[in-house]
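Per-entry structural report
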Amino acid sequence: MEFTLEEFAEEELKTYEVTRKITGNIDNPKPTDHKFNAAMLICKKTLRDYNPNLQDGGRIIGALSGKTLKVVGLKLDDVIEVEGYKYKVTEILPRIYADFVEFSLELMRNGQ
């Protein structure tokens, strides 16, 4: 059985702007930003999530999860703007019997 994203989330799909950092190469040494729009379903994973860290003892992060079509080609460290806040893609979970992938987002603070 094949699952499609439009099958269960047709009304909830919205278009979000995705920014991908393209690192420099020999022909073009300066890194550039590639922006494109993609239809996604984004929802709250948790209101707050604690991320332990050895450097600063841990921090509270904002976490979201979402779904988008496989043809979008979402990659790790892509930046998605949701309601004025920038989130970084931290995890991508491909689904075998579906035309979409699931992903996790982390709120970016101070551009990191």
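Residues numbered from 1 in each chain as written. Predicted model: local features only at pLDDT ≥ 70, side-chain atom pairs only at ≥ 80, totals over all residues. Heavy atoms only, no water.

Looking now at the pattern of salt bridges. Between side chains of opposite charge, pairing is possible as soon as their charged atoms come close. Under the definition given, this model contains five salt bridges. One salt bridge in this structure joins K67 and E102, with 3.8 Å as the shortest N-O distance. Of this pair, K67 sits in strand β3 (residues 59-69) while E102 sits in strand β6 (residues 100-107); the two residues are 35 residues apart in sequence, bridging distant segments of the chain. Taken together, the shared-partner salt bridges connect K67, R95 and E102 into one network. (Salt bridge = Lys/Arg side-chain N within 4 Å of Asp/Glu carboxyl O. Helix = DSSP H or I, 4+ residues; strand = E, 2+ residues; numbered from the N terminus.)

Moving on: the pairing of β6. Summarising burial for β6: seven of the eight residues are buried, a large majority. Both strand β5 (residues 85-94) and β6 contribute to a ladder of seven bridges, which runs antiparallel. Following the sheet pairing, P94 is matched in β6 by V101. Remark: five residues form the turn of the hairpin made by β5 and β6, two consecutive strands paired antiparallel. (Buried < 20%, exposed > 50% of the residue type's maximum accessible area, 1.4 Å probe, protein only. Pairing = 2+ DSSP bridges.)

One finds M40, I42, I80, F103 and L105 to be the most contacted residues of the largest nonpolar core, which totals 15 residues. Broken down by secondary-structure element, the contributors of at least two residues to this core are β1 (14-22), β2 (32-51), β4 (79-82), β5 and β6. In terms of residues, this core owes the most to one element, β2, which gives four residues. Once you skip the residues sitting within four places of it in the chain, F103 turns out to touch M40, I42, L64, S65, G66, K67, T68, L74, I80, V89, E91 and I92. (Core = buried A, V, L, I, M, F, W, Y, C linked by side-chain atoms within 4.5 Å. Contact = heavy atoms within 4.5 Å.)

Let's shift gears to the layout of surface pockets. Counted as a void, the second largest pocket has a volume near 210 Å³. Lining the second largest pocket we find twelve residues, and of these T19, K21, D33, V79 and K86 sit closest to its centre. Of all the secondary structure elements, the ones that give two or more residues to the lining of the second largest pocket are β1, β2, β4 and β5. Per element, the largest residue contribution to the lining of the second largest pocket is three residues, and it comes from β1. Partitioned by chemical class, the residues of the lining of the second largest pocket number two nonpolar, two polar and eight charged. (1 Å grid on protein atoms, 1.4 Å probe; cavity = no way out; pocket = protein on both sides within 12 Å on 5 of 7 lines; lining within 4 Å. Points joined across faces, edges and corners; volume = space filled by probe spheres on them. Nonpolar A, V, L, I, M, F, W, Y, C, P; charged D, E, K, R; others polar.)

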